[in-house]
Amino acid sequence: MLELRLLQGSLLKKVLEAIKDLVTDANFDCSATGFSLQAMDSSHVALVALLLRAEGFEHYRCDRNLSMGMNLNNMSKMLKCAGNDDIITIKADDGGDTVTFMFESPNQDKISDFEMKLMDIDSEHLGIPETEYEAIIRMPSQEFARICRDLSTIGDTVVISASKEGVKFSTKGDIGSANVVCRQNTSVDKPEDATVIEIQQPVSLTFALRYMNSFTKATPLSNTVTVSMSNELPVVVEYKIAEMGYIRFYLAPKIEEDEEVNS
Amino acid sequence: MLELRLLQGSLLKKVLEAIKDLVTDANFDCSATGFSLQAMDSSHVALVALLLRAEGFEHYRCDRNLSMGMNLNNMSKMLKCAGNDDIITIKADDGGDTVTFMFESPNQDKISDFEMKLMDIDSEHLGIPETEYEAIIRMPSQEFARICRDLSTIGDTVVISASKEGVKFSTKGDIGSANVVCRQNTSVDKPEDATVIEIQQPVSLTFALRYMNSFTKATPLSNTVTVSMSNELPVVVEYKIAEMGYIRFYLAPKIEEDEEVNS
Amino acid sequence: MLELRLLQGSLLKKVLEAIKDLVTDANFDCSATGFSLQAMDSSHVALVALLLRAEGFEHYRCDRNLSMGMNLNNMSKMLKCAGNDDIITIKADDGGDTVTFMFESPNQDKISDFEMKLMDIDSEHLGIPETEYEAIIRMPSQEFARICRDLSTIGDTVVISASKEGVKFSTKGDIGSANVVCRQNTSVDKPEDATVIEIQQPVSLTFALRYMNSFTKATPLSNTVTVSMSNELPVVVEYKIAEMGYIRFYLAPKIEEDEEVNS
C-alpha cells in the first residue's frame with residue numbers, strides 16, 4: 001500500500017506543469033526513500049529526472065517498491081482541480097490498476113478524491129553517472145527563462161559559453177543575431193538573485209532552444225536554476241524543489257550546428 | 001413610455017454576461033413591478049428567469065406593460081461600452097421599434113446613447129409552480145463554479161447528492177472518476193462563505209455539466225448560490241442580485257445517465 | 001557613425017508597438033537634430049510621423065545623416081527582448097548594412113547586443129504643411145482609445161463632431177447606432193484628465209474606425225492625445241513622447257460615407 005501526504009500540494013501541481021509538455025507517459029517509481037521519475041521526452045532527445053524525497057512528505061508510507069505508469073496530461077488535469085493551498089495525498093493499492101489523488105482544503109471543508117487509471121509503460125531506467133562538470137552556472141531561474149524565450153524569437157539554437165567573467169548566450173537567425181552576457185554577480189540583496197559561475201575551464205556548447213524553453217516550465221518551482229556543462233557531455237539544467245528534491249533536465253549538445261552558428 | 005435608471009449599471013452588464021451564452025434572443029418584459037425575462041436556452045433544455053424589481057431602480061417609469069425582443073449578443077455588445085461605474089438608463093417609447101441604453105459616467109463628463117433595434121420574438125411565458133424542495137444547498141458561488149469547471153475536465157455529467165452532512169459532486173470519464181465533498185459549515189467569518197444544507201430527505205440527481213458551467217457565468221452577480229433539488233424535478237440554481245431580484249436557472253435531471261454514472 | 005543612448009528604453013519599445021501593426025517596413029532617418037520616421041501604412045491611407053529629438057537622448061552621436069531601412073516587425077521582436085528598465089543604445093556604422101540594439105540592465109549585470117540586417121526601402125519624404133486647425137481636442141488618451149474601441153463594436157466609421165460644448169463621436173451599424181459625448185472639462189484634479197476643446201468653428205468629419213483603433217496603439221506613450229481637425233483636411237492624432245518628441249498619425253476624412261452615416 002502507498003500513501004504519500006504532501007502538505008504543500010502546490011509543489012506537485014508545479015512539477016506536473018514542468019514536465020507534462022515534455023513527457024507524455026511515464027512511470028512514477030515509489031520506494032522507501034522517495035517518489036521519483038525518469039523519462040525521455042517523446043522525441044528521445046531530452047531526459048527528465050524527478051526526485052521527491054520521503055522526508056519531504058508529512059506522511060510517507062510505501063510498503064513495497066511500486067512503479068505506476070501515468071499519462072501526465074491526464075494527471076495534470078486532475079491536479080489542476082486541487083486548490084493551491086490544498087494538501088495532496090497520493091494513494092494506491094499494491095497491484096491495483098488505479099491511483100487516487102486526494103485533495104483537502106486548508107479548513108477541511110472540501111475533500112476531493114480523483115481516481116485515475118494506471119497504464120503499462122515499458123521503460124528502462126538509465127544510470128546517470130555522477131560527473132564533475134567543467135562549468136557550473138547558478139542564476140535566477142526567471143532570468144534564464146527570459147533569455148531562452150527572448151533568443152528563441154531570433155534563432156533556433158543557443159550557444160552557452162561560460163568563463164570566469166560571466167556566461168554568454170548567443171543565437172543567430174534570419175533576421176539577425178543576438179548575444180546576451182550575464183556577469184558573475186554575488187553582491188546582491190537576496191542570495192537567489194546572484195549569478196555565480198564555477199569554472200574549471202571555459203566551456204561553450206550549443207543547444208536547441210526548443211528544449212531549453214521546455215525546461216524553463218519548471219521555473220515556478222525554484223528561484224534559481226543551475227546549469228552544469230562539460231565538453232561533449234549533456235548539459236544538466238536543475239531546479240531544486242524546496243528541501244524535497246529536484247527536477248533535472250539533460251540535453252545533449254548539438255555538434256555540427258555549433259560551428260555553423262559561430263561561423 | 002419606459003425609463004428605468006439603474007445607479008449600479010454594472011449589475012445589468014453582469015446580467016447580460018450571465019445569460020447571453022445560454023440564450024440568443026429573448027423578450028424583456030417590463031411592468032409596473034419590475035423588469036423581467038424568461039427564456040429557454042437555444043436547445044430548449046434549460047430555462048432562465050430574471051427579475052429586477054422596480055424598487056431596485058433609482059427611477060422607474062413604465063406607463064404600460066411592454067415586451068421588448070432583444071438579441072442578447074447585440075445588447076451585450078452595447079452594454080460592454082458602459083463603464084463599470086456608469087449609471088445605465090433603459091429608455092423606450094410605447095410601440096417603438098428601438099430601445100436606447102444611456103450611459104452616464106460618474107462625473108457626468110461622458111454621456112453615451114446606444115440605440116438598438118428591437119425584434120419580434122415568439123415566446124410563451126411558462127408558469128413555474130412554487131415548490132417545496134427536498135434539499136436546498138447554499139454555498140459560495142465561486143466554490144460551486146470551481147467544482148463544476150473542475151469536474152467537466154473529467155466527465156460530462158455530475159451527480160449532485162445532498163445529505164445532512166454535506167453535498168457530494170461526482171463524475172466519471174475516460175481518464176477516471178472524481179468525487180468532491182463539501183461539508184456543511186456555518187462557523188465561518190463571513191456569512192457568504194457558509195455552506196448550508198437544508199434537507200427534508202436525501203436527494204441525488206444527475207445533470208449535464210455543460211449547462212451547469214453555463215449557469216456559473218452568473219457568479220460575478222452574487223457571493224452565494226442556492227441549488228434547490230427534488231427528485232424528478234428540475235434543479236433551480238439561483239443567484240440573488242443585490243436586493244433587486246435574481247437570476248434563476250432551471251435544468252431537468254438526466255434520468256438514464258444517472259444510473260450509468262453510478263454503475 | 002551612429003550611437004544613440006536612450007536611458008528610458010521602454011519609450012522605444014512603446015514606439016514600435018505603436019506603429020508596427022500599421023507600417024511593415026520603414027526608413028528611420030537620423031540627423032544631427034534627431035531620430036525620425038515618416039511612413040505610409042501598407043494600404044497607403046494613413047501616414048505616421050515620428051520624432052525623437054537629439055536632446056532627449058543621454059548620448060547622441062550622428063556623424064552624418066543616415067537613413068536606415070528596417071522591418072518593424074523584426075525590430076519589435078528584438079526590442080521586446082529589452083527589459084522595461086533597460087537602457088537602449090542604437091548603433092550603426094556609416095554605410096554598414098546592420099544596426100545594433102544594445103540593452104543594459106539597470107544594475108549592468110546583463111548586457112545584450114541584438115544585430116539586425118537593414119533593408120533598402122524606397123520612400124519619398126512628404127512635406128507636411130503646418131496648418132491652423134479649426135478644432136483641436138485634447139483629452140485623456142485612454143478615454144479616446146476606449147471610445148474608438150467601443151464604437152467599432154457597432155460600426156465601421158466614426159463621425160467626430162467638435163463644438164464649444166464638447167466632442168461627439170457617432171457611429172451606425174447593423175445592430176443600431178451610438179453617440180458618445182465628452183464635455184469640455186478643465187476642473188479636474190490632474191491636468192492629464194482634462195478634456196479641452198479649442199474651436200475656431202464647429203467641425204464634423206468621418207473616419208474609418210479601423211485606422212483610429214490602430215492609432216490608439218500609441219496610448220501607452222502618453223496620458224493625453226490631441227486630435228486636430230479642419231474641414232477637408234486629414235485629421236492629426238498626436239501622442240507626445242515625454243519631452244522628446246511625438247508620434248503623429250494623419251488620416252483623410254471619408255467624404256461620401258460622411259453623409260451616409262448622418263442620413
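Conventions adopted
Residues numbered from 1 in each chain as written. Chains lettered and ligands numbered in written order. Predicted model: local features only at pLDDT ≥ 70, side-chain atom pairs only at ≥ 80, totals over all residues. Heavy atoms only, no water. UniProt positions renumbered as here; feature names shortened; annotations may be inferred. Least-squares fit on C-alpha atoms with pLDDT ≥ 70 in both. Axes fitted to C-alpha atoms, helices over the stretch in contact; angles between N-to-C directions. Helix = DSSP H or I, 4+ residues; strand = E, 2+ residues; numbered from the N terminus. Left-handed = near helix turned anticlockwise from the far one by under 90°. Contact = heavy atoms within 4.5 Å. Nonpolar A, V, L, I, M, F, W, Y, C, P; charged D, E, K, R; others polar. Pairing = 2+ DSSP bridges. Phe/Tyr/Trp six-rings, centres within 6.5 Å; stacked < 30°, edge-to-face > 60°. Buried < 20%, exposed > 50% of the residue type's maximum accessible area, 1.4 Å probe, protein only.

Identification of chain A as DNA sliding clamp PCNA from Adiantum capillus-veneris is taken from an unreviewed UniProt entry. In its Subcellular location (unreviewed entry) section, UniProt records this for chain A: "Nucleus". The Sequence similarities (unreviewed entry) field of the UniProt record for chain A holds the comment "Belongs to the PCNA family."

A. Molecular detail of the relation of the copies chain C and chain B. Expressed as a screw transformation, the operator carrying chain C onto chain B has a rotation angle of 120° and an axial translation of 0.0 Å, and the superposed copies differ by an RMSD of 0.0 Å. Such a turn and shift between the copies fits a three-fold axis. For chain C, the residue whose C-alpha comes nearest the rotation axis is C:Pro220, separated from it by 17 Å.

B. Focus on the packing of helix α1 (residues 10–19) of chain C against helix α2 (residues 72–79) of chain C. Residue and element names in this part refer to chain C. Remark: α1 packs on α2, axes separated minimally by 10 Å, with the N-to-C direction vectors making an angle of 145°. Relative to α2, the crossing made by α1 is left-handed. For the pair α1 and α2, contact is made by Leu 12, Lys 13, Leu 16, Glu 17 and Ile 19 and by Leu 72, Met 75, Ser 76 and Leu 79, respectively. Classifying every residue of the contact of α1 with α2 by side-chain character gives six nonpolar, one polar and two charged.

C. The arrangement of the environment of A:Leu7 in detail. Relative to the helices and strands, A:Leu7 is located in the loop between β1 (2–6) and α1 (10–19). Dropping the residues within four chain positions of it, A:Leu7 is found in contact with A:Glu58, A:Asp86 and A:Ile87.

D. View of the sheet that holds strand β7 (residues 87–92) of chain C. Across the sheet, which stays open at both edges, the nine strands sit in the order β15(A)-β11(A)-β12(A)-β13(A)-β9(C)-β8(C)-β7(C)-β1(C)-β5(C) with antiparallel pairing between neighbours. Two strands bound the open sheet, and with one partner strand each, they are β15 (203–208) of chain A together with β5 (59–62) of chain C. Averaged over all pairs of adjacent strands, the angle between strand axes in this sheet comes to 15°, irrespective of strand direction. For strand β1 (residues 2–6) of chain C and β7(C), the ladder comprises five bridges, and the chain directions are antiparallel. Bridging from a neighbouring strand, C:Leu6 pairs with C:Ile88 of β7(C).

E. Structural view of the packing of aromatic side chains. Taken as a whole and judged by the stated rule, the model has 18 aromatic pairs over all chains. On the numbers, 4.7 Å between centres and 10° between planes, the contact of A:Phe215 with A:Phe249 is stacked. Within this pair, whereas A:Phe215 is found in helix α4 (residues 209–215), its partner A:Phe249 is found in strand β18 (residues 245–251), the two being separated by 34 residues in sequence. Consider the rings of C:Tyr239 and C:Phe249, whose centres lie 6.3 Å apart with planes at 80°: the pair is edge-to-face. In this pair, C:Tyr239 is assigned in strand β17 (residues 235–241) and C:Phe249 in strand β18 (residues 245–251), connecting sequence segments ten residues apart. Across the pair, C:Phe249 and C:Tyr239 agree in class, each one buried. Members of the aromatic cluster, joined through ring pairs, are A:Phe215, A:Tyr239 and A:Phe249.

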